[in-house]
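These are the residues of each chain, in order.
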Amino acid sequence: MRIERELMRGAGPVAVLKLLEDGAKYGYELVESLSEQTGGVLNMGQSTLYPLLYNLESQGLIRPSWQAAENGRKRKYYSLTAKGKKRLANDTAQWIAVTSAMQSLGILSGVQPKLQGGEA
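Residues numbered from 1 in each chain as written. Predicted model: local features only at pLDDT ≥ 70, side-chain atom pairs only at ≥ 80, totals over all residues. Heavy atoms only, no water.

If you walk through the whole model with that rule in mind, you get two aromatic pairs. Ring geometry for Y50 and Y54: centres 6.4 Å apart, planes at 40°, overall tilted. Of this pair, Y50 and Y54 both sit in helix 3 (residues 46-58), separated by four residues, roughly a single helical turn. Residue classification places Y50 among the partly exposed positions, given a relative accessible area of 24%. For Y54, a relative accessible area of 45% gives the class partly exposed. Sitting over the ring of Y26, R75 keeps its end group 4.0 Å from the ring centre. (Phe/Tyr/Trp six-rings, centres within 6.5 Å; stacked < 30°, edge-to-face > 60°. Helix = DSSP H or I, 4+ residues; strand = E, 2+ residues; numbered from the N terminus. Buried < 20%, exposed > 50% of the residue type's maximum accessible area, 1.4 Å probe, protein only. Lys NZ or Arg CZ within 6 Å of the ring centre and 35° of its normal.)

Listed below in C-alpha cells is the structure:
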C-alpha cells in the first residue's frame, strides 16, 4: 500500500527518529530499514529521505558524522541528539493518542498490524 503524501509527511520524521533511537545509521540503511520494518508501507526513496534528514538536522534533532565503511569509503551517519530524543518521545505520545482516537472511532477495530515478514 502506498501512503499518501500528507500522511507520509507526518509519519516520515518520527519513523526516522525512531530508527535512529537504536544507534547511528547512514541514508541507505535508513531507506532499507523503513521499507523492511514497515512491510513497504513507509517505503521512501533517497530523494525523499535526504531532504527529510537535512530538515531534521537543521532543527537540531539529528547530528551527522562521517565514518569509514568496511570498504574504506566514508559514509555520513546520522544519530539522535538530546533534542531529537525529546521530540521522539513527544511525537510518540501524539501518535499513540491519534491511534487511540482512531480505535475509538472504529477505524482500527479488528485490524491486526503486520509485523516484519508479514507475520501477524
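Below, the discussion takes up the pattern of salt bridges. Within this structure, the stated rule accounts for two salt bridges. As a salt-bridge pair, E21 and K18 come within 2.6 Å of each other at their nearest N and O atoms. Overall, E21 belongs to the partly exposed group, its relative accessible area being 43%. K18 sits in the partly exposed class, given a relative accessible area of 46%. Residue R87 pairs with D91 through a salt bridge whose shortest N-O separation is 3.2 Å. Here R87 and its partner D91 are both found in helix 4 (residues 82-104), four residues apart, which amounts to about one turn of the helix. Assessed through its relative accessible area of 13%, D91 is described here as buried. (Salt bridge = Lys/Arg side-chain N within 4 Å of Asp/Glu carboxyl O.)

Take the pairing of strand 2 (residues 62-68) next. Two strands pair when backbone bridges link them, and strand 2 and strand 3 (residues 74-80) are joined in this way by seven bridges, in the antiparallel orientation. Bridging across to strand 3, Q67 finds its partner in R75. Joining the antiparallel neighbours strand 2 and strand 3 is a turn of five residues, in which G72 adopts a positive phi near 90°. (Pairing = 2+ DSSP bridges.)

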